[in-house]
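Chain by chain, the residues:
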Amino acid sequence: MSSTTDINILFLDKLDGVEQPWDLLYEGNTYWSSDYLKVMNDFPPYDVATHYALVKKGEIPVAKFTFQFLSIKLSESFGDTNEQFTFSQKIQNGIKNLILPFLNFNLVVSGNTLLSGNYGYFISAELASGEKSKILMDVVQQYKLFLKKKKLKADGILMKDFEDPEAIYGDKLEADNFTHFSIQPKMRLDLSEGWKVMDDYLAALKSKYRVRYKRARKKFEGLKKRDLKYEDLERYKSDMYNTYRKTVDQASFNLFLLHEDYFVALHRALGDKIKIVGIFEGDELIAFYTLVINNGEIDAHYLGYDVDKNHNYQLYLNMLYYMVEDSISSSMNVLHMSRTALEIKSSIGATPENINLYAKHYNSFLNSLVPFVLRITVPEVEWMPRSPFK
């Protein structure tokens, strides 16, 4: 345990024994709950260790933090894609391929690599802004000592997914030699109060987007869709994981891989807060998607599909439409859709939310190179926002 004045910071490997004070902060947020985070501990992404910090002022919990420690091999994290590059992009890609083999390091992530959004810290709104900033910086610094006691050496830290109202923390981080950068925005679809059924959503679309919906549904004919119960997840978990792997292997960058038992464990832990849907060709599971209810909103969590059958059935697009339908039938007001496939999500009505990240290498010389490395390695995605609504 570490302390500064009347602030006590407790670092933890697991949340066993502190569930009650932990869950008192930010009640109702599924991803901050001890139930969800215990799944992360018991079935972690491969080569990722999760740690926690609970901060009390006197006896009152006022802040909580999630950190992840992972070994990065950027030459393995960047995947092969079939993208067509411009000449300048080819040069940048060539430089990136030359330096990637040398960029292997141990990274601390303040946040949850599985999620889009700020799940690195929650600090009580009752604290003054100066006190909040001090707690944030103190916990980040003292976490290094916690790792040292565990004989873990971190080369650098990534503070992920700050939103614009949190700019005050960004100023503090930049003053501490962190480098600010941005990646793809996360996408969200605001659901109108007037949408009671899927037909209401379709009525709000422009004609060509309704035609697109009908064409996608036509291709989906012959497939079956159903909610997966716990016994289904046990039965189909290998098929689900295979489709998940086929999907993520297409991505240009992957920081981690989920545990094969993640979805089964998540369903067991979250109960009616999670919906997992399977799509079948006959008796064969060829796709699935997950939705998580979080604070009165709904998150599109992980999915998978047979990439070889995606074109014929338009699996991905149809799953997006079903997510919209499920969200409307659940009376949710927002569908969060993460930060991939921006254009196709935009075509169903999702809009971007920009987020900010901050990185720092603990070696001062190497830290001076971080802005250059980020320019070379962080992919720039050009996409065309769509306006599907009337």
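1. As for the environment of Trp-195
Mapping Trp-195 onto the fold places it in the loop between strand S9 (186-190) and helix H7 (198-204). Considered as a pair, Trp-195 and Ile-328 are 133 residues apart in the sequence and their alpha carbons are 6.6 Å apart. Contact partners of Trp-195, with chain neighbours within four places excluded, come to Asp-190, Asp-200, Tyr-201, Ala-204, Ile-328 and Phe-389.

2. Focus: helix H15 (residues 370-377)
Turning to H15, its buried residues number three or more, namely Val-370, Leu-374, Ile-376 and Thr-377. In an axial view of H15, the angular spread of the buried residues amounts to 165°, which keeps them on one side of the axis.

3. Side note on the confidence of the model for the protein chain
Confidence along the protein chain averages 89 in pLDDT terms, with 89% of residues attaining 70 or more. The model gives residues 75-83 a pLDDT under 50, and that stretch makes 21 contacts with residues more than four places away or in other chains.

4. A closer look at the packing of helix H2 (residues 34-42) against helix H10 (residues 262-270)
Two elements in contact, H2 and H10, have axes whose closest approach is 9 Å; the angle formed by their N-to-C orientations is 155°. Taken as axis vectors, H2 and H10 run roughly antiparallel relative to one another. The handedness of the crossing between H2 and H10 comes out as right-handed. Each of Asp-35, Tyr-36 and Val-39 in H2 lies in contact with H10, whose residues at this interface are Tyr-262, Ala-265, Leu-266, Ala-269 and Leu-270. When grouped by side-chain class, the residues that make up the contact of H2 with H10 number 7 nonpolar, no polar and 1 charged.

5. Things to note about the nonpolar core
In terms of nonpolar packing, the biggest core is built from 50 residues, with Tyr-36, Leu-114, Met-240 and Tyr-262 touching the most fellow members. Aside from chain neighbours lying at most four places away, what touches Tyr-262 is Tyr-36, Val-39, Phe-43, Leu-114, His-301 and Tyr-302. Counting 40 residues, the second largest nonpolar core, distinct from the first, contains Leu-189, Leu-291, Tyr-305 and Val-324.

Each value, and the rule that gives it
Residues numbered from 1 in each chain as written. Predicted model: local features only at pLDDT ≥ 70, side-chain atom pairs only at ≥ 80, totals over all residues. Heavy atoms only, no water. Helix = DSSP H or I, 4+ residues; strand = E, 2+ residues; numbered from the N terminus. Contact = heavy atoms within 4.5 Å. Buried < 20%, exposed > 50% of the residue type's maximum accessible area, 1.4 Å probe, protein only. Arc of directions from axis to C-beta. pLDDT = per-residue confidence, 0-100. Axes fitted to C-alpha atoms, helices over the stretch in contact; angles between N-to-C directions. Parallel < 35°, antiparallel > 145°, perpendicular 65-115°, else oblique. Left-handed = near helix turned anticlockwise from the far one by under 90°. Nonpolar A, V, L, I, M, F, W, Y, C, P; charged D, E, K, R; others polar. Core = buried A, V, L, I, M, F, W, Y, C linked by side-chain atoms within 4.5 Å.

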